[in-house]
Amino acid sequence: MIDLPLTLSPEVTEARANGAAIVALESTIITHGMPFPQNVETARRVEAEIRRQGAVPATIAIMDRRIHIGLTDAQLDALGQAKSVAKLSRADLAACLASGGTGATTVAATMICAHLAGIRVFATGGIGGVHRGAETSFDISADLRELAETPVTVVAAGAKAILDLPKTLEYLETLGVPVIACGQDDFPAFWSRSSGLKAPLRMDSAADIAAAHLMRARLGLPGGQLVANPIPPDAEITLAEITPQIEAALAEATAKGIAAKAVTPFLLQRIFELTEGRSLAANIALVLNNARLGAAIARELAAKA
Ligand code: PSU
Ligand code: MN
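As a convention, each chain's residues are numbered from 1 in the sequence order in which they are written. For naming, the first written chain is A and the first written ligand is 1, with later ones following in the order written. Given that this is a predicted model, residues contribute local features only at a pLDDT of at least 70 and side-chain atom pairs are listed and counted only at 80 or more, while totals for whole chains, interfaces and linings are drawn from all residues. With hydrogens and water excluded, all non-hydrogen atoms of the structure serve as input to the side-chain values.

Focus: the layout of surface pockets
Then comes step 1: Volume-wise, the largest pocket comes out at about 490 Å³.
Then comes step 2: Surrounding the largest pocket, 27 residues form its lining, Lys 87, Thr 106, Ser 141, Asp 143 and Thr 264 being those nearest its centre.
Then comes step 3: By the criteria applied, helices consist of DSSP H or I runs no shorter than four residues and strands consist of E runs no shorter than two, each listed in order from the N terminus. With 4 residues, the top contributor of residues to the lining of the largest pocket is helix 2 (residues 28–33).
Then comes step 4: Across the lining of the largest pocket, the residue classes tally to 8 nonpolar, 13 polar and 6 charged.
Then comes step 5: Definitions used for this entry: grid spacing 1 Å over protein atoms alone; cavity, a set of points where a 1.4 Å probe fits but cannot get out; pocket, an open set with protein on both sides within 12 Å along at least 5 of 7 lines; lining residue, one with an atom within 4 Å of a point. Grid points are joined across faces, edges and corners, and a volume is the space filled by probe spheres set on the points. Looking at the second largest pocket, its volume works out to about 360 Å³.
Then comes step 6: Forming the boundary of the second largest pocket are 22 residues, of which Thr 31, His 32, Gly 33, Met 34 and Pro 35 lie nearest the centre.
Then comes step 7: Polar here means any residue other than Ala, Val, Leu, Ile, Met, Phe, Trp, Tyr, Cys and Pro, which are nonpolar, and Asp, Glu, Lys and Arg, which are charged; Gly is therefore polar. Residue composition of the lining of the second largest pocket, by class: 12 nonpolar, 9 polar and 1 charged.

In structure tokens:
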């Protein structure tokens, strides 16, 4: 820990010393995924939910040349209101730390930082994936390769329906990433409980998911696993309902020439506007739901190891 630029919150330091359950959380969802003030309110509610479930939350961000594992209330608030925070994936992490910038971690970067801090479970909204039109744009999220490389179990509500979900599942299979639907056969599609596609694997308990995490390590297999946890029924927007808004947002992105890192934040913001806020309410509900499952998996891991 001495030669790594890590700053652990007092709560995370204590949890590590006691072998207690810890759940990592990303910060891009705060800076680029939701508008202020709902972003900060949600981040606080997610942390509170993890504590209520008997685990310790560790929201991760880059500030002042350090990887912060667990943020203070003031840091969370500043991040939620800051205008020019960089969105950091694997490629950007070291450069941001070296140059002293402020950065929010995506799924890929959060996995890297969590692993450096010895945290095995991470809860978020949805992972990045293979974008529609990837056969010409080559836009495939670095989140996918990270899942193949870094041993963190990521709990998400599947991948966002703005993506090409069949290609995303194919790519994860190629990379050897276990994709585990929790409590149902179908792979969920973020705002919707089903994508219409069957998930490669299904598990119905946090204990089984934790056991699979440990078994992967025992076998010497690198990488983590993607746990696809469907949004609660009362918060879901069905695929049929949200498809027109997704199509409209995608068409606008193409017309405006939105590319690279800007694509996902642009689409989320436009879908929020086009659904008159309904997509955000769903997003908040699914993140809280993922936090609960993440805490349960982290508790199982803490009890087993
Ligand atoms: N899912 C959300 N909100 C988000 C993201 C995912 O509900 O803000 C972020 C995550 O940080 C994810 C990133 O890693 O979007 C993917 O971006 P890209 O498609 O550029 O790889
Ligand atoms: Mn991309």
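Overview of the pattern of salt bridges
Then comes step 1: Any carboxyl oxygen of Asp or Glu that lies within 4 Å of a side-chain nitrogen of Lys or Arg is treated as forming a salt bridge with it. According to the stated counting rule, one finds 19 salt bridges in the structure shown.
Then comes step 2: Two residues, Glu 49 and Arg 52, come together in a salt bridge whose shortest N-O distance is 2.7 Å. One end of the pair is Glu 49 and the other is Arg 52, both in helix 3 (residues 38–52) and 3 residues apart, which spans about a single turn.
Then comes step 3: As a salt-bridge pair, Glu 146 and Arg 90 come within 2.7 Å of each other at their nearest N and O atoms. Taken together, the positions of Glu 146 in helix 8 (residues 142–149) and Arg 90 in the loop between strand 5 (86–88) and helix 5 (93–99) put the pair 56 residues apart, joining distant regions of the chain.
Then comes step 4: Exposure categories follow from relative accessible area, calculated using a 1.4 Å probe and restricted to protein chains: below 20% of the type maximum is buried, above 50% is exposed, and the middle band is partly exposed. Judged by relative accessible area, Glu 146 falls into the buried class, the value being 1%.

Some details on helix 12 (residues 263–274)
Three- or four-residue spacings in an α-helix give side chains the same orientation, since the helix completes a turn every 3.6 residues.
Then comes step 1: The end-to-end C-alpha separation of helix 12 is 16 Å, in line with the 16 Å expected for 12 residues at 1.5 Å each.
Then comes step 2: Among the residues making up helix 12, those that are buried are Val 263, Thr 264, Pro 265, Phe 266, Leu 267, Leu 268, Arg 270 and Ile 271.
Then comes step 3: It only takes one pair of heavy atoms within 4.5 Å for two residues to be counted as in contact. Residues of helix 12 that are buried in the fold lie against helix 2, strand 5, helix 11 (239–256) and helix 13 (278–304).
Then comes step 4: Glu 276 sits one or two residues past helix 12 and shows a positive phi near 50°. The length a helix should cover is 1.5 Å for every residue beyond the first.

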